[in-house]
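As a plain string of letters, each chain reads:
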Amino acid sequence: MEIDKSVIVFKGPFTQKSGETVKLTNTTSTPLAYKVRTTSPKLYAVRPTSTLLQPGESIEVSIVLQGLPEEPSPDFKCKDKFLFVSVPHPDYNENDVIADIFPELESRYKSEVERQKVKVKFAIGEPSTQDDIESKNEQPDNATEASKPASTEINPSFGKEISEKNAKVAALEESLDGKHKTSIETTASRQEPVSTTQSSRLPLIILIILLAIVAKYFFF
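Residues numbered from 1 in each chain as written. Predicted model: local features only at pLDDT ≥ 70, side-chain atom pairs only at ≥ 80, totals over all residues. Heavy atoms only, no water.

Report on a nonpolar patch on the surface, specifying residues and quantitative values.
Residues Leu202, Ile205, Ile206, Ile209, Leu210 and Ile213 make up a contiguous nonpolar surface patch of roughly 570 Å² in combined accessible area. Along the chain, Leu210 turns up in helix α3 (residues 156–219). (Patch = residues over 30% accessible without salt bridge, like charges linked within 9 Å, V, L, I, M, F, W, Y side chains within 5 Å. Areas by Shrake-Rupley, 256 points an atom, 1.4 Å probe, with all protein chains shown as cover. Salt bridge = Lys/Arg side-chain N within 4 Å of Asp/Glu carboxyl O. Helix = DSSP H or I, 4+ residues; strand = E, 2+ residues; numbered from the N terminus.)

Go over unusual backbone geometry, please, and point to the residues and values.
Here the bond from Gly12 into Pro13 is cis, since omega is 0°, no more than 30 degrees from zero. Within the fold, Pro13 resides in the loop between β2 (7–11) and β3 (18–25). Between Arg47 and Pro48 the backbone carries a cis peptide bond, its omega angle lying at -15°. As for its placement among the helices and strands, Pro48 is situated in the loop between β5 (44–47) and β6 (50–53).

Hey, could you go over the sheet that holds strand β1 (residues 2–3) for me, with residue numbers and the actual values?
The four strands are arranged β1-β3-β7-β5 in an open sheet whose pairing can be described as antiparallel. The sheet is open, and its two edges are formed by β1 and β5, each paired on a single side. Of the pairings in the sheet, the one linking β5 to strand β7 (residues 58–65) comprises four bridges and is antiparallel in character. Considered in β7, the bridge of Ala45 is made with Val64. (Pairing = 2+ DSSP bridges.)

Residues and numbers for the pattern of salt bridges, please.
Side-chain pairs of opposite charge can arise where the charged atoms are in close proximity. Overall, the coordinates contain four salt bridges when judged by the stated rule. In this structure, Asp91 engages Arg108 in a salt bridge whose closest nitrogen and oxygen atoms are separated by 4.0 Å. Residue Asp91 is found in the loop between β8 (81–88) and α1 (98–108), and its partner Arg108 is found in helix α1; the two are separated by 17 residues along the sequence. Residue Arg108 is joined to Glu104 by a salt bridge in which the shortest nitrogen-to-oxygen separation is 2.6 Å. Of this pair, Arg108 and Glu104 both sit in helix α1, four residues apart, roughly one helical turn. Overall, Arg108 belongs to the partly exposed group, its relative accessible area being 44%. What emerges from the salt-bridge pattern is a single network uniting Arg37, Glu106 and Arg115. (Buried < 20%, exposed > 50% of the residue type's maximum accessible area, 1.4 Å probe, protein only.)

So, the sheet that holds strand β9 (residues 114–123): which residues are in play, and what are the values?
As summarised here, the arrangement of the five strands in space is β2-β9-β8-β4-β6, forming an open sheet in which the pairing is mixed. Bordering the open sheet on either side are β2 and β6, each of which pairs with just one other strand. Taken over all neighbouring pairs, the strand axes of this sheet differ in orientation by 25° on average, direction set aside. With four bridges connecting them, strand β4 (residues 32–38) and β6 associate as antiparallel partners. (Axes fitted to C-alpha atoms, helices over the stretch in contact; angles between N-to-C directions.)

Please provide a residue-by-residue account of α1, values included.
Burial in α1 covers these residues: Ile98, Ile101, Phe102, Leu105 and Glu106. Buried residues of α1, seen end-on, are gathered within an arc of 155° and therefore sit on one face of the element. Opposite its buried face, α1 presents the exposed residues Asp100 and Ser107, each directed more than 90 degrees away. Here the buried face of α1 lies against β4, β6, β8 and β9. (Arc of directions from axis to C-beta. Contact = heavy atoms within 4.5 Å.)

Give me the nonpolar core: which residues, what numbers.
Counting 24 residues, the largest nonpolar core has Phe10, Leu24, Tyr44, Ile63, Phe82, Phe84 and Phe122 as the members making the most contacts within it. Put simply, the parts of the chain that give this core at least two residues each are β2, β3, β4, β5, β7, β8 and β9. If we skip the residues at most four places from it in the chain, Leu24 touches Met1, Glu2, Ile3, Tyr34, Leu53, Glu57, Ser58, Ile59, Val61 and Phe84. With ten residues, the next largest nonpolar core counts Leu52, Phe102, Leu105 and Val113 among its residues. (Core = buried A, V, L, I, M, F, W, Y, C linked by side-chain atoms within 4.5 Å.)

I'd like a description of a positive patch on the surface, backed by residues and values.
A surface patch of positive charge is lined by Lys79, Lys81, Lys117 and Lys119. Along the chain, Lys119 falls in strand β9. (Lys, Arg positive; Asp, Glu negative; His and termini not counted. Charge placed at Lys NZ, Arg CZ, Asp CG, Glu CD.)

A description of the environment of Ile63 should follow, citing residues and the corresponding values.
Its location among the elements puts Ile63 in strand β7. In this structure, Ile63 is in contact with Ile8, Phe10, Ser18, Gly19, Glu20, Val22, Tyr44, Ala45, Val46, Phe82 and Phe84, ignoring residues within four places of it in sequence.

Structure below.
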């Protein structure tokens, strides 16, 4: 028997009923009786739980999650499983009730019993509709757009304004330098006569000192 999936995925909200299907196909040349078992029979409703499949025939088994008392935590890992058991039933007749005769078939064709496990997954936090999926796929583009650096292009008028301000500052600095230079030259011109006067008085002072020394030598 062939099963179209190995994992049954249920999407939230998990406090409400939600259903999935599993397709079974008889790929043998013999009629097969099958039965579905689960580790949590009170949590899931399975229809049909057992029936007969003729060679090449397929059937979709409906599996309904009845709903949890509360939403599971984000890190919850579902450990529920389904077991699909198939066994040959070459002597089938219309009066057979597969659910009633299945234990007998398992015992009679013990070596030909086939068991296939299917896991259950709760898609917690994953998009449950096509719109949600498309919305989630658009988020990276928005994030990329938001992460782009701001444009560094300078407005031409702003650059012109800066140039004008720089020119004014340069002119002000030149004016200040000129005033400072003029002030220094004026101060130097004022101090020059004083230096000249001091230089002209120096020989006279020396002469007076010498005369004082000579007078002291001769008169004392």
